[in-house]
Amino acid sequence: MDENCCHMKTKERTTEEYKDLINRLNRIEGQVRGIKGMVEKDAYCVDILTQVAAVNAALNSFSRMLLANHIRTCVVEDIKADKEESVEELVATIQKLMK
């Protein structure tokens, strides 16, 4: 496993943020199951690709929302606590997201 992948850090989320994240992930999971069903039923390639594009867009939206919240909470709190390494972690995270 990549050492930089899974930190032991945790974050407490508000009930609203938690519900929103889980709801988005549940919708994405349903979309992926739908794509699997389309493949199993020999759906037309273009139709499957259209659904894959929708899942990619949903994941990107999820990532943007999570990143924005991370910056507003974790990064701001770390900077206030003089934990400047949080900025480097943020830069590395953005670079990974932009690959």
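Scope of this entry: the structure provided in the associated data block. Just so you know, the residues in each chain are numbered from 1, in the order the chain's sequence is written. Reporting in this predicted model follows two pLDDT cut-offs: at least 70 for local features of residues, and 80 or more for side-chain atom pairs to be given and counted; totals over whole chains, interfaces and linings ignore these cut-offs and use all residues. Heavy atoms throughout the structure, all of them, feed into the side-chain values; hydrogens and water do not.

### Focus: a nonpolar patch on the surface
Patch criteria: residues need more than 30% relative accessible area and no salt bridge. Like-charged residues are merged within 9 Å; nonpolar side chains of Val, Leu, Ile, Met, Phe, Trp and Tyr are merged within 5 Å. We get accessible surface area from the Shrake-Rupley algorithm with a probe of 1.4 Å; when it comes to residues, only the shown protein chains can shield them. Basic side-chain nitrogens of Lys or Arg form a salt bridge, by our definition, when they fall within 4 Å of a carboxyl oxygen of Asp or Glu. Nonpolar side chains collect at one region of the surface, where Tyr-18, Ile-22 and Leu-25 lie side by side and expose about 260 Å² of accessible area between them. Comment: elements are numbered from the N terminus, with helices defined as DSSP H or I runs of at least four residues and strands as E runs of at least two. Mapped onto the elements of the fold, Leu-25 is located in helix α1 (residues 15-40). Buried residues are those whose accessible area, probed at 1.4 Å on protein chains only, stays under 20% of the maximum for their type, while exposed residues exceed 50% and partly exposed ones sit between those limits. Of the residues examined, Leu-25 reaches a relative accessible area of 36% and is grouped as partly exposed.

### Focus on the packing of helix α2 (residues 45-80) against helix α3 (residues 85-97)
All axes are obtained by fitting lines to C-alpha atoms, using only the stretch in contact for helices, and the reported angles, taken between N-to-C directions, cover 0 to 180 degrees. Orientation of α2 relative to α3, taken along the N-to-C sense of each, is 170°, at an axis distance of 10 Å. Here α2 lies roughly antiparallel to α3, going by the angle between them. As for how α2 packs across α3, the hand of that crossing is left-handed. Across the interface between the two elements, Ser-63, Leu-67, His-70, Ile-71, Cys-74, Val-75, Asp-78 and Ile-79 from α2 touch Ser-86, Val-87, Glu-89, Leu-90, Ile-94 and Leu-97 from α3. Its residues placed into classes, the contact of α2 with α3 shows nine nonpolar, three polar and two charged. Reported orientations rely on four angle classes, namely roughly parallel under 35 degrees, roughly antiparallel over 145, roughly perpendicular from 65 to 115, and oblique for the rest. Crossings are classed by handedness, with left-handed meaning an anticlockwise turn of the near helix from the far one by less than a right angle and right-handed meaning a clockwise turn. Contacts between residues were defined by any pair of non-hydrogen atoms, one from each residue, lying within 4.5 Å. Residue type decides the class: Asp, Glu, Lys and Arg count as charged, Ala, Val, Leu, Ile, Met, Phe, Trp, Tyr, Cys and Pro as nonpolar, and the leftover types, Gly among them, as polar.

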